[in-house]
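Here is what each chain is made of, one letter per residue.
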Amino acid sequence: MSLEDKVAPARVAAEPLPGTRHPALALFVLTGAELMVVLDATIVNIALPSIRDAFDISESNLAWVVNAYALAFGGLMLLGGRAGDLFGRRRMFRAGVTFFTLASLLGGIAPNSAVLITARVLQGAGAAVAAPTALALIATTFAEGKPRNRAMGLYAAMAGVGSAVGLILGGALTQYLDWRWVLLINVPIGIAVLIGTAVLQEPRKVNGRLDAPGAAVGTLGLVSLVYGINRAGIEGWGDLGTLICFAAAAVLLPAFVLTQIRGSHPMLPMNVLRDRNRGGAYVVLLCTGVGMFSTFYFTTLFQQQILGYGAVKTGLCYLPFTAAIGLAATVSSRLVSKVPPRVLLVTGLLLAAVGMLILSSLRPWSSYAGGVLPGTIITALGLGSTFVPLTVLSVRGVRPHESGSASAMLNTSQQIGGALGLATMTTLVTAVANHRLADAGDKLIDAFKNHDTKMMYRAADAITHGYDRGYLVSLGVFLVGAVFAAFVLDAPPQEGTEGGAHGGH
């Protein structure tokens, strides 16, 4: 192995495409934007109690402070990616980051809950443009092979650690400053990213137009699906509004596929999905999204409700998780050029399943070091091993004028998987806990207030039992992803610098 091969992943600038200026700085700017939009999916979570007290919001409306972002982010992603292909990725990247930054400022100074939730929708819309165009710019900036693998490794690490960083940063900002800073922190970061876009090259734009009918049908279909999933987690799966949303999605999404097959300017070119490995990667991403989002949610609640940790301590407990994901992503970025992606994916998903098995054995008396830490570290190593091969497969061999659509599908798969998993798991966990002890959550709060040790233990036992079942379902989802990767994906190691970036197949 040469000295060049041993250099840290930051040396991805070694072989940029012709005409690229300052590729290392370009990568820093793009990964910085990805970190910003991903961490905003979780940074608000720890601040929710403070937001509730500030605006006196009901529990059902409080959930929309989080869900509004996921709704807009997941529902508008395909539109954002295609807009980058047609109107210029650097231009749309700048527009997305600007929109996201201004929306963060609006949320940070919001005078009431209505303005705050509106700002979160606008943040999600900006992120839906910035995220797919950032990944598409990496795909068209770095040649296929080692340069792109290393770039994808750093990008995937940012995507992986972003959620954990959001929990850590959210806890510190909420406890030591004010909840508003979980939104205002994006303003200086967004400005720095915008200044840095001066080093980005504008790839050649595609001749064509935005598929307005397809955009409307596809966006409404995805919004209906994501909204229905989120509403189900709050109102229940039998709620009339939830059923109407799913019915609308069942009609609109097939109609969207038909418009893409028959349209002359499709928003999602069908050949993006026809590739066996690319389409398979999206399915595996759906599975990882289900498991990862649920793991964050239940582990955070276990630490706060059962172990009694505060906001900052809960956030700091994710530092080993973050480090493990970063380490695994760095290692896999080097291995992806030596072993088939399928090997990394199956190994990573099986590791994540082992982590879920360990977490499913948690009990009310379990400690962080003896119970939570081993499970989360093994899960992080497994998930970190999947991000790079999945990211590489999603844009591997795609034609440059379709890289925005391919990148958007990657993000959409993970967001839809996360929303679906979280809504489903929350309903399941609550039902399991309440079956063991009716209204377990409320009784735990009352027991703490009344210093009722016996009821405190009973309620904690019921809630933990629910979490255990949730972890076991996540284990099953990871195994499904591993089996799918083993039998569907057949891509060889990502070697060489030819193809893909210059035209693909």
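Residues numbered from 1 in each chain as written. Predicted model: local features only at pLDDT ≥ 70, side-chain atom pairs only at ≥ 80, totals over all residues. Heavy atoms only, no water.

Condition: UniProt positions are given in the numbering used here, feature names are shortened, and annotations may be inferred rather than shown by experiment.
In the nomenclature of an unreviewed UniProt entry, the protein corresponds to MFS transporter from the organism Actinacidiphila epipremni. According to UniProt, the comment filed for the protein under the heading Subcellular location (unreviewed entry) is "Cell membrane".

## Regarding the overall build of the protein
Rules: Each helix corresponds to a stretch of at least 4 residues labelled H or I by DSSP, and each strand to a stretch of at least 2 residues labelled E; elements are numbered beginning at the N terminus. Only protein chains enter the calculation, and the probe is 1.4 Å; a residue is then buried if its accessible area is under 20% of its type maximum, exposed if over 50%, and partly exposed in between. Contacts are assigned to residue pairs with any non-hydrogen atoms lying within 4.5 Å of each other. Methods summary: accessible areas were calculated by the Shrake-Rupley approach with a probe of 1.4 Å, and residue burial reflects only the protein chains presented.
Across its full length, the protein holds 20 helices and zero strands. Out of the 505 residues in the protein, the part that is buried amounts to 56%. Sequence-distant contacts in the protein: of pairs separated by 6 or more residues, those separated by 24 or more amount to 84%. For the protein, the computed accessible surface area is about 19,200 Å², with 66% contributed by carbon and sulfur atoms.

## Describing the side chain of Asn-186
Rules: By the criterion applied in these results, polar contacts are pairs of N or O atoms within 3.5 Å in which, for protein atoms, one can donate a hydrogen and the other can accept it, and in which residues neighboring in sequence qualify only through two side-chain atoms.
Considering the arrangement of structural elements, one finds Asn-186 in helix α9 (residues 186-196). By relative accessible area, which is 0% here, Asn-186 ends up buried. Within the structure, the side chain of Asn-186 is placed 3.3 Å from the side chain of Ser-104, a separation counted as a polar contact. Discounting residues that sit within four places of it in the chain, Asn-186 has contacts with Met-36, Asp-40, Phe-100, Thr-101, Ser-104 and Gln-123.

## A closer look at the side chain of Thr-31
Along the chain, the position of Thr-31 falls in helix α2 (residues 23-39). Residue class for Thr-31 comes out buried when judged on its relative accessible area of 3%. A distance of 2.8 Å separates a polar side-chain atom of Thr-31 from the backbone oxygen of Leu-27. Among the polar contacts made by the side chain of Thr-31, one reaches the main-chain carbonyl oxygen of Phe-28 at a distance of 3.2 Å. What Thr-31 contacts, discounting residues up to four positions off in sequence, is Leu-154, Tyr-155 and Met-158.

## Looking at α2
Here is the rule: By definition here, a helix of n residues has an expected span of 1.5 Å times n minus one.
Counted at 1.5 Å a residue, the expected span for α2 with its 17 residues is 24 Å, and the 24 Å between its end C-alpha atoms agrees. Restricting attention to buried positions, one finds in α2 the residues Pro-23, Ala-26, Leu-27, Val-29, Leu-30, Thr-31, Ala-33, Glu-34, Met-36, Val-37, Val-38 and Leu-39.

## Digging into the nonpolar core
Put simply, the rule reads: To define a nonpolar core, start from buried Ala, Val, Leu, Ile, Met, Phe, Trp, Tyr and Cys residues and group those joined through side-chain atoms within 4.5 Å.
Core analysis: the largest hydrophobic core is formed by 99 residues, its most contacted members being Val-37, Phe-73, Phe-93 and Phe-321. Looking at this core element by element, the count peaks at 12 residues for helix α13 (residues 276-306). For Phe-93, the residues in contact, after removing those within four places along its chain, are Val-29, Leu-30, Ala-33, Ala-130, Thr-133, Ala-134, Leu-137, Val-193, Thr-197 and Leu-200. Within the second largest apolar cluster, 17 residues are counted, among which are Ile-43, Phe-55, Leu-62 and Val-65.

## Here's the deal with the packing of α13 against helix α16 (residues 341-359)
How we decide: Where helices are involved, their axes are fitted lines through C-alpha atoms of the stretch in contact, as for all axes, and angles between N-to-C directions lie from 0 to 180°. Reported orientations rely on four angle classes, namely roughly parallel under 35 degrees, roughly antiparallel over 145, roughly perpendicular from 65 to 115, and oblique for the rest. Handedness of a crossing follows from how the near helix is turned relative to the far one, being left-handed for an anticlockwise turn of less than a right angle and right-handed for a clockwise one. In the scheme used here, Gly and all other residues not listed as nonpolar or charged are polar, with Ala, Val, Leu, Ile, Met, Phe, Trp, Tyr, Cys and Pro taken as nonpolar and Asp, Glu, Lys and Arg as charged.
The geometry of α13 relative to α16 is characterised by a closest axis approach of 12 Å and an angle of 25° between their N-to-C directions. Here α16 runs roughly parallel to α13, going by the angle between their axes. Like other packed secondary-structure pairs, α13 and α16 cross with a definite hand, here left-handed. Contacts between α13 and α16 involve Val-284, Thr-288, Thr-295 and Thr-299 on the former and, on the latter, Leu-349, Met-356 and Leu-359. For the contact of α13 with α16, the class distribution of residues is four nonpolar, three polar and no charged.

## Digging into unusual backbone geometry
The phi torsion at Asp-439 lies on the positive side, around 50°, for a residue other than glycine. Residue Asp-439 is classed as partly exposed on the basis of its relative accessible area of 46%.

## A short note on the packing of aromatic side chains
Note the following rule: Two rings belonging to Phe, Tyr or Trp (six-membered ring only in the last case) form a pair when the distance between their centres is within 6.5 Å. Interplanar angles under 30 degrees mark stacking, angles over 60 mark edge-to-face geometry, and anything in between is tilted.
Applying the stated criterion across every chain yields a total of seven aromatic pairs. Geometrically, the ring pair formed by Phe-55 and Trp-179 is edge-to-face, given 5.6 Å between the ring centres and 75° between the ring planes. Placement of the pair is Phe-55 in helix α3 (residues 48-55) and Trp-179 in the loop between α7 (146-176) and α8 (181-184), with a sequence separation of 124 residues. A relative accessible area of 17% means that Phe-55 is categorised as buried. Ring geometry for Tyr-318 against Phe-321: centres 6.2 Å apart, planes inclined by 80°, an arrangement best described as edge-to-face. With respect to burial, Tyr-318 and Phe-321 carry one shared label: buried.

## Regarding the pattern of salt bridges
Selection criterion: Whenever a carboxyl oxygen of Asp or Glu lies within 4 Å of a side-chain nitrogen of Lys or Arg, that contact is scored as a salt bridge.
This structure, assessed with the given rule, holds two salt bridges. The salt bridge involving Asp-468 is made with Arg-363; its shortest N-O contact spans 2.9 Å. Taken together, the residues Asp-468 in helix α20 (residues 453-488) and Arg-363 in the loop between α16 and α17 (368-395) connect sequence positions 105 residues apart. Using a relative accessible area of 3% as the deciding quantity, one classes Asp-468 as buried. The exposure class of Arg-363 is partly exposed, given its relative accessible area of 33%. With a closest N to O distance of 3.0 Å, Asp-461 and Arg-436 form a salt bridge. Taken together, the residues Asp-461 in helix α20 and Arg-436 in helix α18 (residues 403-436) connect sequence positions 25 residues apart.

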